[in-house]
Amino acid sequence: MQIFNELTCRRFKSNEFYIFDDFFNNWRFIVIFIITLGVQILIIESAVTSSSGNKSFGELIFKITSIGFKQQVMCALIAMNVVTWALICKLLIPEKLFSFVKVNES
């Protein structure tokens, strides 16, 4: 869910719907996005690859267990709903409610 949330939070004005606009022009975002994706894969896959009796990194720190491919696909599909919710919020919640938030757009 974090990955999709990062994508939808890039565009926060009510009239900005295309979340991939200027995606490759912001190298800082791409680096953070890749690091986030890599760490999440490392945590999940470390639980999958620990076939020995020792606890893996993911199991030890985050108390996770490995899941199968079908469950991973279901998790990704459910997480994609973040994009839908962001669109619904942009359409239903007026931007003037957040007029007190000052954003530096440079």
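Whatever comes next refers back to the structure up there.
Check the secondary structure of the protein and you find five helices and zero strands. Along the protein, helices (α) and strands (β) appear in the sequence α-α-α-α-α when read from the amino end. For the protein, with 106 residues in total, the buried portion stands at 19%. Put simply, 49% of the contacts in the protein that link residues at least 6 apart link residues at least 24 apart. On the protein, roughly 8,400 Å² of surface is accessible, and the fraction owed to carbon and sulfur atoms is 67%.

All right, on to the nonpolar core then. Counting residues in hydrophobic clusters, the biggest one holds seven residues: Ile3, Leu7, Ile19, Phe23, Phe29, Ile30 and Phe33. Every element with two or more residues in this core is listed here: α1 (2–9) and α2 (27–48). Looking at this core element by element, the count peaks at three residues for α2.

The geometry of α1 relative to helix α5 (residues 81–92) is characterised by a closest axis approach of 9 Å and an angle of 30° between their N-to-C directions. The orientation of α1 relative to α5 falls into the category roughly parallel. Note that α1 runs across α5; the crossing there is right-handed. Contacts from Phe4, Asn5 and Thr8 in α1 reach Val82, Val83, Ala86 and Lys90 in α5. Of the residues contributing to the contact of α1 with α5, the split by class is four nonpolar, two polar and one charged.

What follows covers the side chain of Glu6. Mapped onto the elements of the fold, Glu6 is located in helix α1. Here Glu6 falls in the buried class, since its relative accessible area comes to 13%. At a separation of 3.0 Å, a polar atom in the side chain of Glu6 contacts the side chain of Thr36. Ignoring any residue separated from it by four or fewer positions in sequence, one finds Glu6 in contact with Phe29, Ile32, Phe33 and Thr36.

Our focus in this paragraph is the layout of surface pockets. Estimates place the volume of the largest pocket at around 590 Å³. Forming the walls of the largest pocket are 18 residues, and the residues nearest its centre are Gln40, Ile44, Gln72, Cys75 and Ala76. Elements with a minimum of two residues in the lining of the largest pocket: α1, α2 and α4 (69–79). Split by residue class, the lining of the largest pocket holds 14 nonpolar, three polar and one charged.

A surface patch of nonpolar side chains, amounting to about 1,200 Å² of accessible area, comprises Phe17, Trp85, Leu87, Ile88, Leu91, Leu92, Ile93, Leu97, Phe98, Phe100 and Val101. For Phe100, the position within the fold is in the segment after α5. By relative accessible area, which is 63% here, Phe100 ends up exposed.

Conventions and cut-offs
- Residues numbered from 1 in each chain as written.
- Predicted model: local features only at pLDDT ≥ 70, side-chain atom pairs only at ≥ 80, totals over all residues.
- Heavy atoms only, no water.
- Helix = DSSP H or I, 4+ residues; strand = E, 2+ residues; numbered from the N terminus.
- Buried < 20%, exposed > 50% of the residue type's maximum accessible area, 1.4 Å probe, protein only.
- Contact = heavy atoms within 4.5 Å.
- Areas by Shrake-Rupley, 256 points an atom, 1.4 Å probe, with all protein chains shown as cover.
- Core = buried A, V, L, I, M, F, W, Y, C linked by side-chain atoms within 4.5 Å.
- Axes fitted to C-alpha atoms, helices over the stretch in contact; angles between N-to-C directions.
- Parallel < 35°, antiparallel > 145°, perpendicular 65-115°, else oblique.
- Left-handed = near helix turned anticlockwise from the far one by under 90°.
- Nonpolar A, V, L, I, M, F, W, Y, C, P; charged D, E, K, R; others polar.
- Polar contact = N/O pair within 3.5 Å; in protein donor to acceptor, adjacent residues only side chain to side chain.
- 1 Å grid on protein atoms, 1.4 Å probe; cavity = no way out; pocket = protein on both sides within 12 Å on 5 of 7 lines; lining within 4 Å.
- Points joined across faces, edges and corners; volume = space filled by probe spheres on them.
- Patch = residues over 30% accessible without salt bridge, like charges linked within 9 Å, V, L, I, M, F, W, Y side chains within 5 Å.
- Salt bridge = Lys/Arg side-chain N within 4 Å of Asp/Glu carboxyl O.

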